Amino acid sequence: MVQWLLLGGIAVFFVLPIFVLLLTGFSNGQPLGAALESLWASDWLTGFGNSVAHAGAAAALAVMVAWLLAYGMHFSRLPQAFRRLHDVLFRLPMLLPTITYGFVLLYCFGKQGLWTRLLGFELFPLYGSGGVILGYFIYTLPTAYLLLYNGMDYLDQQYLVVSRLLGDTPFSSVWQNVLRPMRKLLGISFCQTFFMAFTDFGIPTAVGGRKVFITTLLYEGFTGSIPDFQKGSLVALSMLLPSLFSVLLIHQLQKLQQSFKQRRKVPVVVNRLRDLLLGSLFLLIGGGLVGLFAVMFIIPFVSAWPYELNVTTKALTAFFNDDLLSNTLQNSLIVSLLSALCGMILAYVAGVVTSFGPQNSLAARGIELFATLTNSFPGMVLGIMYLLAFSGTPLHNSLTILVIANIVHFFATPYQMAKESFQKMDHSWEKTSQIMGDRWIDLVWRILIPNSRSTILEMLSYYFTNSMVTISGLIFLVSARTSVMTTKIKELQHFGRFVDIFILSLLILAINGATLLFVKLLQRYWLGPVKEKRFLPLRYLRGSIR
């Protein structure tokens, strides 16, 4: 019964909207041939090419830097406190919506930006390629860093000692024992970060300038002065091409099996030059992130940047006295909490169905396929599908449709978290439960939940924090009444209310930071220390494609 309900939900909220999108693109308005000619004659090819080029450059840069950062964490003798501090800094951008990155760059490197005024000159032209690539780099670096950091933790460090004893040079030793075993992970990291950047909406809309990107073209197709749903649907379908390519490439990379039978740790060899270079890189990246996001803590608390720099809290007081902005905060919390609770339950139940039910059943295969597809599905395309499929229904312009969009958008990773947790359990419990005559719900309530409480907390945290920062999946689904904090930032951009934008961003950062801290405290003092680090199959680990 439960599995059929899950399949019914997938059919209604994923399969049906895809068919509606296909019908709109292929049969709505002018004939398909004429529509394709019109699309080809427009800025589509330019936007697609710009997105591919900028996303590729940023992904390559992010993976290279992330590998060096992960290597410094595992294979240097830098002080532990220094490494822990920078580990937090490298993850910091994940707690903010991507559209904030663009405004942060504007107030740092614009003509009246913080660092422009301190240095006395502009470091680079902000609007266009430079700003977009830098924004993409900031966005994708934490995801690449987490993937490579976790993967490097599974390397057998004793091979490095053997390599050095055999007379290999330091570079040859690293190449053979660190880089080569991680070639699959490096490829997957590039695919993941490229896809994140390619489908991002926030950064191009903030600092893209006059350059056309596929996501801004899609947004204009549905919200421009003369909306063209057929053309917009064709643009949305074209965004699925990198998604399909990503799935196929990652599937091929998964065949490059690398066995990590032992995880032997050895003392790191003393090398002052290595530690100096890696420490300098840590300071450059960590200090750079602090220097960038510092403007969020400055602009809201001065009278009028950059002309009146008196410290004041008037902007903060005015923000909380504005009912519309306060309502936006309330909507975000409601949507994120409901997305976390409902999404966790559905992902958990789906994990139970595929882990303890027949492996080749229609339900198990359907859920696995759904998880694979949603992992690489652009949030903007999902939002457009829901806009077309549920317009005119009670779900239209409601908070409920926002919750459903978040649940579908971020389903893959929590689902895989649950599956991994179940795989570590003793499956003889299931047989014992059946012999004792327990119902299915008794197995879940008495055995599975008590032994996976830490995983449940992580699933809740993942859903909540990503729901707080997402914009691409919701930008087409909100109304004035249901606007959330990230979509309100986009609205405030048109009125030049950057102080309110930074206040909203600070609130998102504070809420997400408090959530993660609360979860860590619960895991440490209520559930006890987590003994084994979770390493998700990489095709499911995403930096929230927002």
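Described below are features of the structure shown in this document. For every chain, the first residue of its written sequence is number 1, and the numbers climb from 1 along that sequence. Residue-level local features of this predicted model are given only where pLDDT is at least 70; pairs of side-chain atoms are given and counted only at 80 or more, and the full residue set underlies all totals for whole chains, interfaces and linings. Hydrogen atoms and water are omitted, and side-chain values are computed over all heavy atoms in the structure.

Overview of the overall build of the protein
What the protein contains, in helices and strands, is 26 helices and two strands. Only protein chains enter the accessibility calculation, which uses a 1.4 Å probe; a residue whose area is less than 20% of its type maximum is buried, one above 50% is exposed, and one in between is partly exposed. Taken over 546 residues, the protein has a buried fraction of 55%. Here, two residues are considered to be in contact whenever any of their heavy atoms come within 4.5 Å of each other. In the protein, of all internal contacts separated by at least 6 residues, the share reaching a separation of at least 24 is 83%. All accessibility values rest on the Shrake-Rupley procedure with a 1.4 Å probe; residue burial counts only the protein chains present in the view. About 24,700 Å² of surface is accessible on the protein, with carbon and sulfur atoms providing 66% of the total. Counting from the N terminus, the helices are the DSSP runs of H or I reaching at least four residues and the strands are the DSSP runs of E reaching at least two.

Topic: the pattern of salt bridges
Put simply, a salt bridge is a Lys or Arg side-chain nitrogen that is within 4 Å of an Asp or Glu carboxyl oxygen. The tally for this structure, following the rule as stated, stands at six salt bridges. A salt bridge links Asp322 to Arg497, with the shortest nitrogen-to-oxygen separation between them at 3.6 Å. In this pair, Asp322 sits in the loop between α16 (314-321) and α17 (323-356) while Arg497 sits in the loop between α25 (485-494) and α26 (498-526), placing the two residues 175 residues apart along the sequence. Judged by its relative accessible area of 23%, Asp322 falls in the partly exposed class. Its salt-bridge partner being Asp500, residue Arg497 comes within 2.7 Å of it at the nearest N-O pair. The class of Arg497 is partly exposed, set by a relative accessible area of 33%. The buried category is assigned to Asp500, whose relative accessible area is 11%.

Things to note about the side chain of Ser233
Counting through the fold element by element, Ser233 comes out in helix α13 (residues 229-238). Of the residues examined, Ser233 reaches a relative accessible area of 0% and is grouped as buried.

Overview of the nonpolar core
If you look at the biggest cluster of nonpolar residues, it comprises 156 residues, and the most contacted ones within it are Phe293, Tyr348 and Tyr386. Domain delimitation follows an automatic or database domain assignment. Lining this core are residues from two domains, each supplying at least three of them: domain 1 (32-299) and domain 2 (322-527). Discounting chain neighbours no more than four positions away, the residues touching Tyr348 are Ala418, Phe422, Val444, Leu448, Ile449, Ser452, Ile456 and Met459. In this description, a nonpolar core means a group of buried Ala, Val, Leu, Ile, Met, Phe, Trp, Tyr and Cys residues linked to one another through side-chain atoms lying within 4.5 Å.

Some words on the packing of helix α5 (residues 98-109) against α25
Two elements in contact, α5 and α25, have axes whose closest approach is 9 Å; the angle formed by their N-to-C orientations is 35°. When the axes of α5 and α25 are compared, the crossing they make is left-handed. Between α5, through Ile99, Thr100 and Phe103, and α25, the contact on the second element is made entirely by Ile489, Lys490 and Gln493. Orientation is described by axes fitted as lines to C-alpha atoms, over the contacting stretch for helices, and by angles from 0 to 180 degrees between their N-to-C directions. Two helices cross in a left-handed way if the nearer one is turned anticlockwise from the farther one by less than a right angle. They cross in a right-handed way if the turn is clockwise.

Side note on the packing of aromatic side chains
Each aromatic ring pair is specified by the distance between its two centres and by the angle formed by the two planes. Between 30 and 60 degrees the pair is tilted, below 30 it is stacked and above 60 it is edge-to-face, where a pair is any two Phe, Tyr or Trp rings, Trp via its six-membered ring, whose centres lie within 6.5 Å. On inspection of all chains with the given rule, the structure shows 26 aromatic pairs. Each ring, one from Phe90 and one from Tyr145, has its centre 5.3 Å from the other, and the planes form 75°; the classification is edge-to-face. Remark: Tyr145 occurs in helix α7 (residues 129-152) and Phe90 occurs in helix α4 (residues 80-91); sequence separation between them is 55 residues. The burial state of Phe90 is the same as that of Tyr145; both residues are buried. Pairing Tyr101 with Phe293 gives two aromatic rings, centres 6.0 Å apart and planes at 75°, and the pair type is edge-to-face. With a gap of 192 residues between them, Tyr101 in helix α5 and Phe293 in helix α15 (residues 272-298) connect regions that are remote in the sequence. Joined through ring pairs, the aromatic side chains of Phe14, Phe370, Phe377, Phe411 and Tyr415 make up one cluster. Over the face of the ring belonging to Tyr149 we find Arg91, whose NZ or CZ atom lies 5.9 Å from the ring centre. Counted as over-ring charges are cases with an Arg CZ or a Lys NZ within 6 Å of the ring centre that also lie within 35 degrees of the ring normal.

Some words on the pairing of strand β2 (residues 308-311)
Strand pairing follows a simple DSSP-based rule, namely that at least 2 bridges must link the two strands. Across two bridges, the pairing between strand β1 (residues 302-304) and β2 is antiparallel. Across the sheet, Val302 pairs through a bridge with Val311, a residue of β2. Connecting the antiparallel pair β1 and β2 is a turn made up of three residues.

What to know about helix α19 (residues 379-390)
A helix is expected to span 1.5 Å for every residue after the first. An ideal rise of 1.5 Å per residue puts 16 Å on 12 residues; α19 measures up with 16 Å between its terminal C-alpha atoms. Most of α19 sits out of view: 11 of its 12 residues are buried. Three or more residues of α19 are buried, namely Gly379, Met380, Val381, Leu382, Gly383, Ile384, Met385, Tyr386, Leu387, Leu388 and Phe390. Where α19 ends, the next residue or the one after it, Gly392, has phi of about 90°, a positive value.

Here we look at unusual backbone geometry
Despite not being glycine, Asn397 has its phi angle at roughly 55°, a positive value. Tracing the sequence through the fold places Asn397 in the loop between α19 and α20 (399-409). On the basis of relative accessible area, Asn397 is assigned to the partly exposed category, the value being 27%.

Considering a nonpolar patch on the surface
Residues enter patches when they are more than 30% accessible in relative terms and free of salt bridges; like-charged ones are connected within 9 Å and nonpolar ones (Val, Leu, Ile, Met, Phe, Trp, Tyr) within 5 Å. Where nonpolar side chains cluster on the molecular surface, the patch consists of Trp115, Leu118, Leu119, Phe121 and Leu123 and spans about 490 Å² of accessible area. Within the element layout of this structure, Leu118 appears in helix α6 (residues 114-119). With relative accessibility at 57%, the residue Leu118 sits in the exposed group.

A closer look at α25
Here α25 lies mainly inside the structure; eight of its 10 residues are buried. Taken together, the buried positions of α25 are occupied by Met485, Thr486, Thr487, Lys488, Ile489, Lys490, Leu492 and Gln493. Directly after α25, the chain includes Gly496, whose backbone phi takes a positive value near 65°.

What to know about the packing of helix α1 (residues 2-27) against α13
For the pair α1 and α13, the least separation of the axes is 8 Å and the interaxial angle reads 120°. Between α1 and α13, the interaxial angle falls into the category oblique. Here α1 runs over α13; the crossing is left-handed. Contacts between α1 and α13 involve Leu21, Leu22, Thr24, Gly25, Phe26 and Ser27 from the first element and Phe229, Gln230, Ser233, Leu234, Ala236 and Leu237 from the second. Among the residues forming the contact of α1 with α13, the class breakdown is seven nonpolar, five polar and no charged. Note that the term roughly parallel is reserved for angles under 35 degrees, roughly antiparallel for angles over 145, roughly perpendicular for angles of 65 to 115, and oblique for everything else. The classification used treats Ala, Val, Leu, Ile, Met, Phe, Trp, Tyr, Cys and Pro as nonpolar, Asp, Glu, Lys and Arg as charged, and all other residues, Gly among them, as polar.

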